[in-house]
Structures are given as structure tokens and as C-alpha cells.
Number of protein chains: 2
Amino acid sequence: MREVSIIGIGQTDVGEHWERSLRDLAVDAIIAAIKDAHPERVDALYVGNMLSGELTAQEHLGTLVADWGGLGGAEAFKVEAADASGAAAVRLGYLAVASGVHDFVIACGVEKTTDADAETNNAAWAYGVDAEYEGNQGVTMPSMAGLLMRRYLHEFGVPREDFAPFPVIAHANGANNPHAMYRSAISAEVYARAGMVADPISMFDAAPLCDGAAAVLLCPSEMARRFSAKPVRIRASASATDRLAVHSRTDPLFLRAAYLSAQRAYLQAGVGPSDLDLFEVHDAFSILAALALEACGFAERGKATVLAKEGAFNLHGRTPTPKRGYGVPTPKGGYGVPICTMGGLKARGHPIGASGVYQVVEVAQQLRGEAGANQIEAHLGMAQSLGGTGATAITHILEG
Amino acid sequence: MREVSIIGIGQTDVGEHWERSLRDLAVDAIIAAIKDAHPERVDALYVGNMLSGELTAQEHLGTLVADWGGLGGAEAFKVEAADASGAAAVRLGYLAVASGVHDFVIACGVEKTTDADAETNNAAWAYGVDAEYEGNQGVTMPSMAGLLMRRYLHEFGVPREDFAPFPVIAHANGANNPHAMYRSAISAEVYARAGMVADPISMFDAAPLCDGAAAVLLCPSEMARRFSAKPVRIRASASATDRLAVHSRTDPLFLRAAYLSAQRAYLQAGVGPSDLDLFEVHDAFSILAALALEACGFAERGKATVLAKEGAFNLHGRTPTPKRGYGVPTPKGGYGVPICTMGGLKARGHPIGASGVYQVVEVAQQLRGEAGANQIEAHLGMAQSLGGTGATAITHILEG
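Calculation criteria
Residues numbered from 1 in each chain as written. Chains lettered and ligands numbered in written order. Predicted model: local features only at pLDDT ≥ 70, side-chain atom pairs only at ≥ 80, totals over all residues. Heavy atoms only, no water. Helix = DSSP H or I, 4+ residues; strand = E, 2+ residues; numbered from the N terminus. Rg over C-alpha atoms; globule rule 2.2 N^0.38 Å. Contact = heavy atoms within 4.5 Å. Least-squares fit on C-alpha atoms with pLDDT ≥ 70 in both. Axes fitted to C-alpha atoms, helices over the stretch in contact; angles between N-to-C directions. Parallel < 35°, antiparallel > 145°, perpendicular 65-115°, else oblique. Left-handed = near helix turned anticlockwise from the far one by under 90°. Nonpolar A, V, L, I, M, F, W, Y, C, P; charged D, E, K, R; others polar. Expected span 1.5 Å × (residues − 1). Buried < 20%, exposed > 50% of the residue type's maximum accessible area, 1.4 Å probe, protein only. Salt bridge = Lys/Arg side-chain N within 4 Å of Asp/Glu carboxyl O. Buried area = accessible area lost by both parts, 1.4 Å probe. pLDDT = per-residue confidence, 0-100.

Asks: Help me out: how do you make sense of the overall build of chain A in this one?
Replies: For chain A, the count of helices and strands is 14 helices and 11 strands. Here chain A has a C-alpha radius of gyration of 19 Å; the compact-globule value for 400 residues is 21 Å, and the two agree. The dimensions of chain A, computed from C-alpha atoms along their principal axes, are 55 × 50 × 40 Å. Expressed as a percentage of contacts within chain A between residues at least 6 apart in sequence, the contacts between residues at least 24 apart total 78%.

Asks: Even after reading the chapter, I still don't get the relation of the copies chain B and chain A, so can you show me in this structure?
Replies: For these two chain copies, the linking operation is a rotation about an axis paired with a shift along it. Rotating chain B by 180° about the axis while translating it 0.0 Å along that axis superimposes it on chain A, leaving an RMSD of 0.0 Å. Here the symmetry operator amounts to a two-fold rotation axis. Closest to the rotation axis within chain B is the C-alpha of Ser99 of chain B, separated from it by 1.7 Å. Comparing interface residues between copies, 100% of those in chain B also sit at the interface in chain A, which points to an isologous, same-surface contact.

Asks: Sorry if this is basic, but what is going on with the packing of helix H4 (residues 85-98) of chain A against helix H4 (residues 85-99) of chain B here?
Replies: A pair of packed helices can be characterised by two numbers: the angle between their axes and the separation between those axes. Look at H4 of chain A against H4 of chain B: their axes get within 8 Å of each other, and the N-to-C directions meet at 55°. The angle between H4 of chain A and H4 of chain B falls in the class oblique. In this structure, H4 of chain A crosses over H4 of chain B, and the sense of that crossing is left-handed. Counted together, Leu92, Leu95, Ala96 and Ala98 of chain A of H4 of chain A and Leu92, Leu95, Ala96 and Ser99 of chain B of H4 of chain B form the full contact between these two elements. Classifying every residue of the contact of H4 of chain A with H4 of chain B by side-chain character gives seven nonpolar, one polar and no charged.

Asks: What's the story with helix H14 (residues 355-367) of chain A in this structure? I'm lost.
Replies: Residue and element names in this part refer to chain A. With 13 residues, H14 should reach 18 Å at 1.5 Å per residue; the first-to-last C-alpha distance of 18 Å fits that figure. Most of H14 sits inside the fold, with 13 of its 13 residues counted as buried. A positive phi of about 75° marks Gly369, the residue just after H14.

Asks: Sorry, what's going on with the pattern of salt bridges here?
Replies: Oppositely charged side chains may form a pair once their charged atoms are brought near each other. Evaluated as defined, the whole model comprises 55 salt bridges over all chains. Glu399 of chain A is the partner of Arg235 of chain A in a salt bridge, and the nearest nitrogen-oxygen pair spans 3.2 Å. Of the two residues, Arg235 of chain A sits in strand S8 (residues 232-241) while Glu399 of chain A sits in strand S11 (residues 392-399), which places them 164 residues apart along the sequence. Of the residues examined, Arg235 of chain A reaches a relative accessible area of 19% and is grouped as buried. Of the residues examined, Glu399 of chain A reaches a relative accessible area of 23% and is grouped as partly exposed. For Asp242 of chain B, the salt bridge goes to Arg249 of chain B, with nearest N and O atoms at 3.7 Å. The same class applies to Asp242 of chain B and to Arg249 of chain B, which are both buried. Three or more residues are tied together by salt bridges with common partners; here these are Arg2, Glu40, Arg41, Asp43, Asp103 and Arg226 of chain A.

Asks: Sorry, what's going on with the interface of chain B and chain A here?
Replies: Many descriptions give the size of an interface as the accessible area lost when the pieces come together. Taken together, the 63 residues of chain B in the interface contact 63 residues of chain A. Approximately 4,600 Å² of surface area, both sides summed, lies buried where chain B meets chain A, with 53% of it carried by carbon and sulfur atoms. Viewed at the interface, chain A and chain B are joined by eight salt bridges. The closest approach of N and O atoms between Arg91 of chain B and Glu75 of chain A, which form a salt bridge, is 2.5 Å. Among the elements of the structure, helix H2 (52-56), helix H3 (61-68), strand S3 (75-80), H4, strand S8 (232-241), helix H10 (256-269) and strand S11 (392-399) of chain B are those that each provide at least two residues to the side of chain B that touches chain A. The biggest single contributor to the side of chain B that touches chain A is H4 of chain B, with eight residues. Here the side of chain B that touches chain A is built from residues that sort into 32 nonpolar, 17 polar and 14 charged.

Asks: Just to check I follow, could you spell out the packing of helix H6 (residues 141-156) of chain B against helix H11 (residues 286-295) of chain B for this structure?
Replies: Residues and elements named next belong to chain B. Packing of H6 against H11 leaves a shortest axis separation of 9 Å and a crossing angle of 60°. One way to sum up the angle between H6 and H11 is to call them oblique. The chirality of how H6 crosses H11 is left-handed. Residue-level contacts link Ala145, Leu148, Met149 and Tyr152 of H6 to Ile287, Leu288, Leu291 and Glu294 of H11. Of the residues assigned to the contact of H6 with H11, the class counts are seven nonpolar, no polar and one charged.

Asks: What am I meant to see in the confidence of the model for chain A here?
Replies: The predicted coordinates should not be examined in detail at positions where pLDDT is low. Residue-level pLDDT values for chain A average 96, and 96% of them are 70 or greater. Reported for the predicted complex are a pTM of 0.97 and an ipTM of 0.96.

As C-alpha cells, then:
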């Protein structure tokens, strides 16, 4: 199995792109990634996208983007894993290069939601839950997240206000990301009085659906230095699933897929949570961020909001701990780790099938020292993307 | 890169499954493939499907099927490449096992069209063409195929009746396949008087949309004999794309993606068209079968119907030629090769995202000597699946 590195990254601004179509956005990101590395050629393109068919009557998206991106004959598919579609594209790119089949592969994530109205978007986004047992009841993604959050508040005796740090951190970091959709900081007071979307999920607990595309260009690590002065090595790529419907899970507050995929990634990379300098967590909803942090070993069960209050997830929050390696027990309360360093899904925005690639691009930015005002000292970072209510989890650990 | 073999195959009957849902069909095929090989575990599941979101409000399909299939935590994604989605799933399974990342991978193709009406199905099927430049004009898949066929008739001076052998062969072979949707032979006379769907595409030139699921279980070739008495080795796996819109192609009658992916497959396997004992061709429309046969080197340009008339594509049609290897020029007229040995898309049926896996399963049946009344002497077979009007082509060469 060959080692794989990221040699090029590209991203469009996240937001409402009224004058750019689905294909335009994807091609913009791809061209940026190609210009970043000038590869000899592109052998394959994997496009992560959830709703191109439902929202823009376009399937066969991989081939469309390869065509409009001028990739002349390259292999191309679309891959879908709900909100984790973008991360799935990175995962496939990793497999293709690791296998020795392809040398230069682009993983692109793209979503265009503004071609449909908000009602259509919300209905289609809910295609990520179990259509016959959850969707048929009329649930939406925010309502499912609301049920999880309500249960968390009850189970761990946490007041709703304690979730404030998640969007506060995201917005503080997003303010310095030129590509972010929301570039204004918010306070805990603003969070406390925000309108409800699906009680107890408020406007600031839910990431905004929007348009955007991001891309990474992968090649074998042994060739990477020829194309990039700062290649980023993929130390681990791992994926896992859980029961799709929340009601099928033994413990709805334990994100088993997030746990499994993180453990597989830690094992592959030979590192543990304490070794990571940042974690791009899937904060489509604050509650998912809290549960993922707990599942991945950055916080004990029920302690994510406690650690958050102490600033353990702030940009420069965690005091560096001695490197410990894989399998070392988590200290009381958890390690903490900087999260959402470029704004997370909440402030950068959540262009559904693109978010997983944005996360990987943002970890790469930190590892390459290109994170601007949000730069932290980082050598090892992790990105984890969740699909739906957490039934799919895809985790990448990157090294700069 | 590890060699990859097929150790298990499974398929549902193809047709109208009013009492089985999308997930039921997929799980039926998966269980059959698992029972065929009894693997130690399943590491990953790739589900090829085009329209689960549009027709049944269900995305996140990989994880749903892994959940209902009892695959407990396995990696799972849906992959989409229009009609070639199933073949794309096989391709990803190949990459995952070849890479060394996974040992036991299931590639499943599934489609459920009877949950929506025919109009919805036809509109959604056309999401495989360019939505903004072709789809917006109101084209359907049959109408696009009609344009290609009309051009072929004009360009090569072939009468429409000369396309009869394609559906005649498919129906003759489908009659002996217990899983086929249509199990009755047709004659050239029946073909000649069939009603038009999109002139010159008649009812017998167009494969029927329907329900079905098929699955293959892959593992490294070195382990294959432990799980199967008759493992089928994947000698080549290759994929290519063309311009998505037909009007963008320099020569609409040259299926460049089919040509490229076949050439890549021939090169990988070190064989040429004359070495192949059968070819499961993508006969979603007779014209696509003819064009693919020409692009893959089984017939000269414009000669597919001539060879067909001579019986060169019949089940026992081709006189075995001396093995020639890759790169040898095609003889005058072409080699011919048995096609659609289990009925092809036309008679077995075309459950869109499942067809690519059915093709691979059927080649495996031939190589394992399990093709019943349609058994031919076969050691090397090829399956090629096309997406849309041929913009994606995925080719597998299998050895028994």
C-alpha cells in the first residue's frame, strides 16, 4: 500500500452563489487545486455530492465535472454518503492512490442548494435519515438533532446555554476565514436569546445549508515533493457506519460510527487524541459536535460542554500535553483540542456534500501554515465528517 | 497492488417487485453473495445506485444497506455514474481490495423504479444527460439514443431492420435465464413491426427500466480459494469518461469512453478482443450495443450490424480464433464475440444502477460453469457498463 499525500487544495467562497452553477463551483475548486500543484495529469476525479439530482436534475455528476474541468477521459464518479459525501470522495481518492492504480487523483466536494427553495432543501437534506421509518414521519435534520440534544440535556443534566461555546468558537474563527459564509463573532448572550429552529436547537445550533465546492489533489507521498513545497501526508483514512435510524441505536448519545472510524484512524496513524493539534469536527449541529468530541476521545461522555466552558476547544485553548500515542487512557474530563479552526460547518457554512472536503482543506491550510489570523502551531490534524445523524463517519488524520 | 477475485455472487430476479423495497432487494442480493462464499467478515460495502433519492426519497443508501444487511460498522458508500453506477461499485471494490485496505468487500447494485410512475422514472433517468444543455430541452434517454441511431443509419447506410439481431440475441438468451425479466424469444419479424418509442428506437431497441439488485463479494486472489471452489479473478478493471453532452463530442458515433476503458482493460490484462470468450455489452439501446462493440474492437466502425447478421454475436456464434494478445490489428469486419449471454439489459432487464453488477455476475456465472442452458466454453470474459449516452464506461475483464 502506497503512502498518499495532498499536494493541492482549492475552495470557493461558501455562501449563496446566484451566478455560479453546480458545475461552475466544482470546476472553480478543481482548477484551484490543479493550479496549486501543477500535476503531470489527472487520472481520476471523485465528486462528493448529496443532492445534485434532487435539487438540480443532474446525476452523472462525476463525468459532468470531469468534462467541464477539462480532465479528458479521466475516471470519474459521484459518491454519496449524505453530509459525509465530500469525505467519502477523499476516502476514495486515498484508496485509488494507495492501491497503485492512479497517481494523480482529485477529490472534490460540491453542493448547490440555492437552485431550490428552502423547503425543498430541507426535505431533501432529510433523505439522509431512514426514509421509510424516520423520513415518513415528517422529520427534518434539525428535528432529529433536536431529539438528540433534548436527550443529552436530560441525560447529563446540562443546561441548554452550555452549548454556547460551540457556535461562539465557530463564529470567532469564521470571522478570520475569507471563504466563510458568516464572518461575524457572536457572544454567549446572543446564543442564549436566539430563535428556536427545532427546540432545543436554535438558529445558532444549526449550520446553514449553502453553496460551495472544495477540492484536494492527491498523489503518492514519494512523488509529492516534486509538486508541492508543503505536501500534507494522509497518515490515516478510516470510515465506519452505524444503524441508520436513531431509534435502532442502543445508545442514541453514543456515536458509534464516529468512535469506530476514529479508533481505526488512531490505530492506522499510531497516534491518540492527545497527539492531535486540531480537530475539524462535524458541527452541523452543536449537539453533533459535542457527541463527536466525546466519541473520538477528546472529552469524556457527558463532559463536552464542561470542557468547552473551560476553553478546551478554543483556537489556542488547550495547553499542549505530552505526546502519548494510541491507546493511552483519556485523563479525567478529556484532552480538549482546537476545533472549527476556520469556522466549522456553523460559520464557514455547510454546503452538504462539500463540507467533508472543506474540512480536509482547512486542516491542510493549518498544516501548511496558511491559516492566516487563525494559524495555530500544528503538525498533526484530524477531520471527521458525519452523514445524517451520525450513521456514517469518515475520519482523516493529516500530517504537515 | 494485490490481485482481486470474486468469491461470491448474488442476484434477485429482475422485474417488478411490488412487495420488496429498495433495501430489501439490496439485502437479498448481498445475503446471497455472502452465503455463496461465507467470508470471515465484510469490511466494506459499495452500493451502485442512480435514483434512490429521486424515486424513493432515500439517500445515504450505502449506510442503510450496510445497516439492514447486518454488516455492523463496515465502511459503506453509495456511488453514482448514471447507468454505470453498479459497475462503479465493482470498480471501487476492486480499488479497496487491491490497495490492501480491505480484504472482504461487497459491491452491490440496486435500483427500485416501481415506487414511482413511468413518467417520473423516465424524467429521472434523463438526469444522466447534461441537465442544463440537453435535459432542459426535454430530451429523454430514448430520444437521445434515437438521435444516435438515426445518425448511424444515415452515416453507414444501414437499414433499421439490421438492428434486429441485438434484441433477438438478447431475448433468445434471456429465455433461459431464470432471473430475467423477459423470458420469451422474439424474431426479426416481430422486431420489424414493433411500435416506436423514439423513432427509430422501437420498443425492442430499448431495455426496460425495472427493479433488481445484484452483488459480488471480492477478496484478495491469494485468499480466494479458501472461500470459493471457483474463484473468478479480475484481470482488469478500467474506467474512462467522455464529454457528457452528445453535442460536445467530435464524433457522436465514436464512444470514446468505451474505447478508452476497453483499451486500458486490454492493456492491464495483456489481452485483446480476440482472446475474450464473451462480452456482456451495455445494450440499454441496440444502438449503444453496436457502438460499444465497435469501440471495443469486436467490430469495425459501421460493421456491427453486418457482423450481427452473420451471427458473430450469437451465443455460439463466433468460431474460435487463434489467441492473439493485446495490440494486434482487428481483422476485416471484426472478431465478433458472444454477447448478452444471460439476456443482456434488453431481456434480463435494466434496473439502472444494478445493471453493471448483473453484467459482472453473469460473466462470473459463465466462467464458473453455472450458466445453465446458456453455458458456453469460457475462460475469459468482459463486462462493460455505460453511463447515460456513453459518457462513462467501466470495463472489467474476468478470468475463470
